[in-house]
Structures are given as structure tokens and as C-alpha cells.
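Residue-level structure breakdown
Chain by chain, the residues:
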Amino acid sequence: SDWYFFLFVNLPPRHDERVAHISAQVREAAALKKKMCTARPGWHSMSLREGLYKKDSKVAKIEIPLRDVLELDEENLTVRVEPLVTMGQLSRYLLRKGYCLQVTPELDDLTAGGLVNGFGVETSSHKYGLIQHSCTRFEVVLANGDVVTCTEKDSPDLFAAIPWSHGTLGFLVSVDFKIIRCKSFVKMTYIPCHTQEQYLDAFEQESRDLTNDFVEGIVYTKEEGVIMKATLVDEVNKKQVNRIGYFWKPWFYKYVQTFLSRGETVTEYVPLTHYFHRHTRPLFWEMEEIIPFGDALWFRCLFGWLGPPHVKLLKKTQTETIRRLYEEHHVIQDMLIPMGALKDAINTFHDEIEVYPLWLCPMALLPSGDSGFMKPVVQDGQVVERMFVDLGAYGVPMVSNFEARDTLRRLESFVRKVKGYQALYADCFMDRDEFREMFDHTAYDTLRSRYGAVDAFPEIYDKISRAARR
């Protein structure tokens, strides 16, 4: 599909023309006093649910056909893209030219606009923060149809508020990302740990070491996990090269688990392109629920080249029965936890859901985002912690008393108590007051009024709450 748009639909010189058409649609809807949203079907999003507001006939659906990489600025090390550019499309474009994003989220189908308006993290986030922290400029169509650009110096309040706003302040029509010069390989070190104290200590130590380009952990039981660190390199020992991305190779998390039985720290070299998409084939570990024998050697060799299925295809073909089963017996959550609360978080997840593996991804909340939706941990007016951890739980709960709503509300309550945050693509059962307790709406509310967004767009909560999604 990328080739179709490259050849027949999108051309960078037409960006201003397309934005003018979007502006005209917005002005027309504003004149009719209609609320607005994009015309992109709900099943295209990476959330498991579809927003009910998309089905409201009174809401104006604004066509935003913006799927192009617009400009690579090699002098200032930035790339300008339109919001529907996917991470797969962008990473291929940049890698061919010797660059990569500071933060390259894992799954190919994630879009630039979705990651900025929502949430984007990767294993370089301990150095560079969330993907929002690597943005230098936003171009936005406001509720009245005006087209504005904002940076840290020009309209800094709007610039800080766009991330996590879910399109409720205006329509994002382009974004500039910082890029870095990349190398051909990463030098990967796998550190197997057989006690909780061991993997927590190793994870924090490697996360705070900024000489590491990438850090992550996979926790397989309450007491066992593997911590991984990696650095960008060009020179490799050819005997230690492992091309983990080939379709016949074991699923990454299964391969990593083997280091627990080996019992020793191992180093190898992985092609950068393979590293960036190491979790793509098994969709982290969700494919095991869809194809239980998917990691069997015979299946990988015969059919591995067919996968993975696109998330939007899974959503489009999902029956009501399957949807209900997922809702009642399955968890997909990313909770963003201060590093100091990680032990309590893992123990709470174990008691409440007992889902394994768990993904650990360190992420720094950099000062450039302090006026936005998320804040570092503050005590007595002083910042005491900027390093958070994305604690990802994806799978079937093994506890006998799992009740989706009640259990997840208890997890949300725990996250609020430790001053953490919830990734909003997932089911959110908080009520409006609890949501506002978790996320600072001060600047957001002011900007909603200033830019006329109150009557033009739903509030964030009314787009992401469980009651607003099906």
C-alpha cells in the first residue's frame, strides 16, 4: 500500500494544497457548529477498541489523506512527515539514508500522528524520552480552520499540549522529528537474572547508564527475567552475528528466554533493522494466543513469511464473541511507573492478573515536556524522579478471580497512588475525576478555551474511556 500512495496519491509538493483542503473542511464544519473527528475508520487505530464517536452521524468526519515523508534536513538532523506515515515506512526511508529516529517504536503500523497525539515509547527512551520529546515542530489545523505551526519557542504552550491530546486541540498535519546517524548493527548483551532483586537492580543500573543506546527487560516469572542492553556499532565479530528478524528464526521473546537456562551473560551482534522489529513477528507475545504453534520450527519455516497479521485486520475481522472473550479474559495494558515503584508494581501485577511475560522499557520524562500532560515525580516542590518504566502486560490473566473492570480499576488506582500514568490506547476504566487526578489538565483546559476546541472536539476522556469505546 505504501507504493500505491507514493506513486498515485501523495507527493510532497502537494502538502500545502492538501492542508488547505483540510482547513476548508474544518471551516465548513465550524460554520455548522458541528463537532469534528478524522474520517479514518476506527478499526485502523492500534487500540483494541473503536471509538463510538466515530459512529455519530452528527460529528463531521474530516478527510486527512496525509501519508508522505515531506523533508529530510540533514544539516539540522530532522525529518518532517505527515501524520499517517507509518513507522515501518519511515524507518525504511531513513535507514536507506543512514539515519533513524531518536525513538523508533516497534510495530510497523504505528503512525506518526498516533504516536504524537497518543503515546510512543521504545528502548532508547531512557536517553531520549518518549517520542514526543524528539519532536521539534507541529503543524496544526485549529478548530476555526487556521493553520498554525508551533515549536518550543513559537507557541510553546500549544507545542507542549499536543502530545497525548488525541486530536482534541486540532488536527495535526505534519510533525518534525529529531533523527540521529545510525550504524549497521547493535551489540546486544543478554543478562539472565534468577531473582527479582537481581533483575530489578540490573534493569535500573542499565537504564540510568546513558552509554547504552537501548535497554529493555522481559520478566518471565515473578522471580526471573532477562535484561538486555545494546549499543550501535559498525564493526562486528562475524561469528557472533545473529539475524534475528528472518522469518524462520525463533520468536524473539522465546529466544531470549533460553538465556535463563544458559545461566550466563551473552553478547552478540544484531542488524539494526532486525533489532528495530524484533517483537514485530510475534506481536511481542500476543501471536501465541492466536497461533499457539506459531513458534514451532515447521510452522516458522513453512508459513513464517506470511506473518504477522496487521492489527487493523485482526480488528476488522473480529466477531462479537471474540471481542467479548478478549474483553473478559485478556489484558493489554501499558502502565508508566516511576522507577522507584517498579518492584511494587510488578508484585501488584502478579497478585492482580499474573500475566507473563511482562515488558520493561525505561523512559525518561525530560524537562521539555514538564508543562504538558505528564509530570516527573515531585516532592516538596523538587523533582525527585524523571526515570519511569513502561510496564507492559499482554496476555491471559492466570488468577482465578480476574474481573476485567474491577481488577483494572484496582491497577489504575495503584498507578495513580505511585504518581504513574496509563497508556491511553488500552482500556481505561477510571471515571473523569480519577482521570484528571492522573493527568494534569491545567494547560490543556486553558488551550481548549483559547483555541475554540471546546465546542469543536470531544474532551480526551470522552474519546479514550472504556465507556466511549466498543
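The structure this text deals with has already been given above.
All figures in this text were calculated on a predicted structure; none of them were measured in a lab.

**Concerning the overall build of the protein chain**
For the protein chain, the count of helices and strands is 18 helices and 18 strands. What you see for the protein chain is a C-alpha radius of gyration of 22 Å, in line with the 23 Å of a compact globule of 470 residues. For the protein chain, the proportion of its 470 residues judged to be buried stands at 56%. Nonlocal contacts in the protein chain, meaning residues at least 24 apart in sequence, comprise 76% of its contacts between residues at least 6 apart. Looking at charge distribution, the protein chain has the averaged site of its 58 positive side-chain charges lying 4 Å from that of its 65 negative ones.

**Let's talk about the pattern of salt bridges**
Counted by the stated rule, this structure contains 26 salt bridges. The partner of Glu204 in a salt bridge is Arg208, and the shortest N-O contact between them spans 3.0 Å. The shortest N-O distance in the salt bridge between Glu437 and Arg416 comes to 3.7 Å. Of this pair, Glu437 sits in helix H16 (residues 432-438) while Arg416 sits in helix H15 (residues 404-417), and the two are 21 residues apart along the sequence. Through salt bridges that share partners, Arg432, Arg436, Asp445, Glu459 and Asp462 make up one connected network.

**Brief notes about the environment of Arg405**
Relative to the helices and strands, Arg405 resides in helix H15. Sequence separation between Arg405 and Glu327 is 78 residues; the distance between their C-alpha atoms is 9.3 Å.

**Focus on unusual backbone geometry**
Here Tyr356 and Pro357 are connected by a cis peptide whose omega angle stands at 0 degrees. If you check the backbone angles, Asp380 has positive phi at about 55 degrees while not being a glycine. With respect to the secondary-structure elements, Asp380 resides in the loop between strand E15 (377-379) and strand E16 (382-385). Under the relative-accessibility criterion, Asp380 is labelled exposed at 81%.

What counts and what doesn't
- Residues numbered from 1 in each chain as written.
- Predicted model: local features only at pLDDT ≥ 70, side-chain atom pairs only at ≥ 80, totals over all residues.
- Heavy atoms only, no water.
- Helix = DSSP H or I, 4+ residues; strand = E, 2+ residues; numbered from the N terminus.
- Rg over C-alpha atoms; globule rule 2.2 N^0.38 Å.
- Buried < 20%, exposed > 50% of the residue type's maximum accessible area, 1.4 Å probe, protein only.
- Contact = heavy atoms within 4.5 Å.
- Lys, Arg positive; Asp, Glu negative; His and termini not counted.
- Charge placed at Lys NZ, Arg CZ, Asp CG, Glu CD.
- Salt bridge = Lys/Arg side-chain N within 4 Å of Asp/Glu carboxyl O.

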